[in-house]
Amino acid sequence: MIENNSKLASIAAVALSAAIAIATGLGIESHNRAQREAEFDILAQRVIQRVGERIKLYEYGLRGARGAVIAVGPADLTRVRFQRYIASRNLADEFPGANGFGFIRRVAPEAIDTFVRTARSDGHPDFTIRQLTSHAGDLAVIQYIEPEVSNASAFGLDIFSEPNRAEAAAACELKDAPVLSGPITLVQKPGLKEGGILLMLPVFAEPVAPSTPDARRGAAVGWVYAPLILREVMSGFDFFDGAFSLAIDDVTPGFSATRAYSSEAFDNPPSAGLGKQYISTLYERQWRYE
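Please read these numbers as outputs of a predicted model, since none were measured by experiment.

1. Considerations on the overall build of the chain
Move 1: Looking only at helices and strands, one finds seven helices and nine strands in the chain.
Move 2: Relative to its full complement of 290 residues, the chain shows a buried share of 41%.
Move 3: Intrachain contacts of the chain at a sequence separation of at least 6 include 66% that bridge at least 24 residues.
Move 4: When the accessible surface of the chain is summed, it comes to about 15,200 Å², and 55% of that surface belongs to carbon and sulfur atoms.

Shown next, in the form of structure tokens:
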């Protein structure tokens, strides 16, 4: 009987040791997983911050362009004057990934004929207004954009004729602040379906904008804007030697969720990798980073 008790005690001791070892192992594994997830969260927040910093570069460009337009006076802006300002900047070095900077002018329906004649006499003899869909009310027509050669197909587009562009123009006018459009297909890059976005800033007749949203509504005489391809904006982004992949979706309430960008490795993630989603607001749009 004593021998049996001794054997039972030995078995119990072994079982207890095994249980402790398993519990310790699970505890270590849980701790390691929690540490990895914490490190992953830190990395993700850094990535989100760096994407925002890249987009913010173009805000600086827009504010410079708006300052130049206001200094000349929106009514006195010409193709040559706009070209001279843009030529004073080094777009490739200062704003990598930008397709250019442009000026959009608000045109009342009764002023369309006069506007077209003026635009044709201002270095664009074939200037015409194009719409993606017809609509009533004012137009917002791309009058100038530099570099001209790579953006020639954008001249004359009425951005009020497409909902994403029109929404961004109206929002930044009310806020007197830069606003991003939802993902769109740029007319100068038709092969990249919904691969583009616009960053826009309103221009008012006077240097100081009207003080309230109601006073600003419909008061912008135009907009400066930058057409961006997010894939080009993200070119050269540091993925830490493939430590992570990234997709960005526009999930702004009231709009259909749209994929704006995905890195090359995103569709083939490692089977043991971590995966999370984060929501962040950027220039009045909600972006989901995955």
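2. Examining the pairing of strand E8 (residues 278-282)
Within a regular beta strand, the side chains point alternately toward one face of the sheet and then the other, so they alternate between its two faces.
Move 1: Of the pairings in the sheet, the one linking E8 to strand E9 (residues 285-289) comprises five bridges and is antiparallel in character. Paired with tyrosine 278 across the two strands is tyrosine 289, which belongs to E9.
Move 2: Between E8 and E9, which pair antiparallel one after the other, the connecting turn spans two residues, and tyrosine 283 there sits at a positive phi close to 50°.

3. Digging into the sheet that holds strand E6 (residues 247-250)
Move 1: The four strands are arranged E7-E6-E9-E8 in an open sheet whose pairing can be described as antiparallel. Each edge of the open sheet is held by one strand with a lone partner, namely strand E7 (258-262) and E8. Adjacent strand axes in the sheet meet at a mean angle of 30°, parallel and antiparallel pairs treated alike.
Move 2: In terms of strand pairing, E6 meets E7 through four bridges, oriented antiparallel. The partner of aspartate 249 across the bridge, within E7, is arginine 259.

4. Section: the packing of aromatic side chains
Move 1: Counting across every chain of the model gives six aromatic pairs.
Move 2: With a centroid separation of 6.0 Å and an interplanar angle of 20°, the aromatic rings of phenylalanine 82 and tyrosine 144 are classed as stacked. Here the residue phenylalanine 82 occupies a position in helix H2 (residues 79-87), and tyrosine 144 occupies one in strand E2 (residues 139-146), the gap between them amounting to 62 residues. An identical accessibility class is assigned to phenylalanine 82 and tyrosine 144; each is buried.
Move 3: With 5.1 Å between their ring centres and 75° between their planes, phenylalanine 95 and phenylalanine 101 make a pair best called edge-to-face.

5. Topic: the layout of surface pockets
Move 1: In this structure, the largest pocket spans a volume of roughly 630 Å³.
Move 2: What lines the largest pocket is a set of 27 residues, and nearest its centre among them are Phe40, Ala243, Phe244, Ser245 and Leu274.
Move 3: No other element matches the seven residues that helix H1 (residues 2-72) contributes to the lining of the largest pocket.
Move 4: The class makeup of the residues in the lining of the largest pocket is 16 nonpolar, seven polar and four charged.
Move 5: Put simply, the second largest pocket is a space of about 260 Å³.
Move 6: Every residue lining the second largest pocket is counted, 17 residues in all, and those nearest its centre are Ala75, Arg105, Phe115, Thr118 and Gln143.
Move 7: Secondary structure elements with two or more residues in the lining of the second largest pocket: strand E1 (101-107), helix H4 (112-121) and E2.
Move 8: Looking at the lining of the second largest pocket element by element, the count peaks at four residues for H4.
Move 9: Its residues assigned to classes, the lining of the second largest pocket comprises 10 nonpolar, four polar and three charged.

About the criteria used
Residues numbered from 1 in each chain as written. Predicted model: local features only at pLDDT ≥ 70, side-chain atom pairs only at ≥ 80, totals over all residues. Heavy atoms only, no water. Helix = DSSP H or I, 4+ residues; strand = E, 2+ residues; numbered from the N terminus. Buried < 20%, exposed > 50% of the residue type's maximum accessible area, 1.4 Å probe, protein only. Contact = heavy atoms within 4.5 Å. Areas by Shrake-Rupley, 256 points an atom, 1.4 Å probe, with all protein chains shown as cover. Pairing = 2+ DSSP bridges. Axes fitted to C-alpha atoms, helices over the stretch in contact; angles between N-to-C directions. Phe/Tyr/Trp six-rings, centres within 6.5 Å; stacked < 30°, edge-to-face > 60°. 1 Å grid on protein atoms, 1.4 Å probe; cavity = no way out; pocket = protein on both sides within 12 Å on 5 of 7 lines; lining within 4 Å. Points joined across faces, edges and corners; volume = space filled by probe spheres on them. Nonpolar A, V, L, I, M, F, W, Y, C, P; charged D, E, K, R; others polar.

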